[in-house]
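The residues making up each chain are set out below.
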Amino acid sequence: MISNETRARFDALVAKYPERRSALIPILHAVQAEAGYLSPEAIAWVAAYLDLSAADVMSVASFYDMLNLEPVGRHMLYVCHNLSCTLLGGERLIRHLEARLGIRCGETTPDGQVTLRRMECLGACGAAPVLQLDGVFHEQMTAERADALLERLRSESA
Ligand code: FES
């Protein structure tokens, strides 16, 4: 499951920390980047690699919204629904995206292209409403700008 190249990268990463377990989060991100999500097999592999229990690894992996415990779409679209964003149209934006994509928050489009999720504060409250697409922040979002982002994704995957 984990390539030799990735394993060598992990060995170098672990060597930077005083304790192996300290490398857990960066390793989970790297495994997810390679495998797409953190399967039970991936959780078990990371646990064995870092001398942790699978429950230890799972307790961390299930805490962070950015770590996926099930398959997701090619593109991850997070929309903030915390206070500032909701007051400035975040919920309307979520409903708009659900309608445009034909899915509910938490789901992936049938073509496997986009997973839509709600997110607690994305940390850019002064620029609400905010969404994050594949790790890139888009601030002061409107339905029109969100549509343009979706259109760009469609044209890039065509
Ligand atoms: S409330 Fe949306 S970024 Fe903080």
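For the structure, check the block above.
Residues numbered from 1 in each chain as written. Predicted model: local features only at pLDDT ≥ 70, side-chain atom pairs only at ≥ 80, totals over all residues. Heavy atoms only, no water.

**Student:** I tried to follow the packing of aromatic side chains on my own but got confused; where do I start?
**Tutor:** Remark: the centre distance and the inter-plane angle together describe each pair of aromatic rings, the angle taken between the planes. In total, this model carries four aromatic pairs according to the counting rule given. Here Trp 45 and Tyr 49 contribute two aromatic rings whose centre-to-centre distance is 5.0 Å and whose plane-to-plane angle is 10°, an arrangement assigned as stacked. Here Tyr 49 and Trp 45 lie together in helix H3 (residues 40-49), a separation of four residues that amounts to about one turn. Ring plane angle 90° and centroid distance 4.9 Å describe the contact between Phe 63 and Tyr 64, whose orientation is recorded as edge-to-face. Using a relative accessible area of 62% as the deciding quantity, one classes Phe 63 as exposed. Looking at Tyr 64, the relative accessible area reads 38%, which means it is partly exposed. By way of ring pairs, the aromatic residues Phe 10, Trp 45 and Tyr 49 are connected into one cluster. Above the ring of Tyr 49, the side-chain terminus of Arg 20 is found at 4.8 Å from the ring centroid. (Phe/Tyr/Trp six-rings, centres within 6.5 Å; stacked < 30°, edge-to-face > 60°. Helix = DSSP H or I, 4+ residues; strand = E, 2+ residues; numbered from the N terminus. Buried < 20%, exposed > 50% of the residue type's maximum accessible area, 1.4 Å probe, protein only. Lys NZ or Arg CZ within 6 Å of the ring centre and 35° of its normal.)

None of this, on its own, says anything about what the molecule does.
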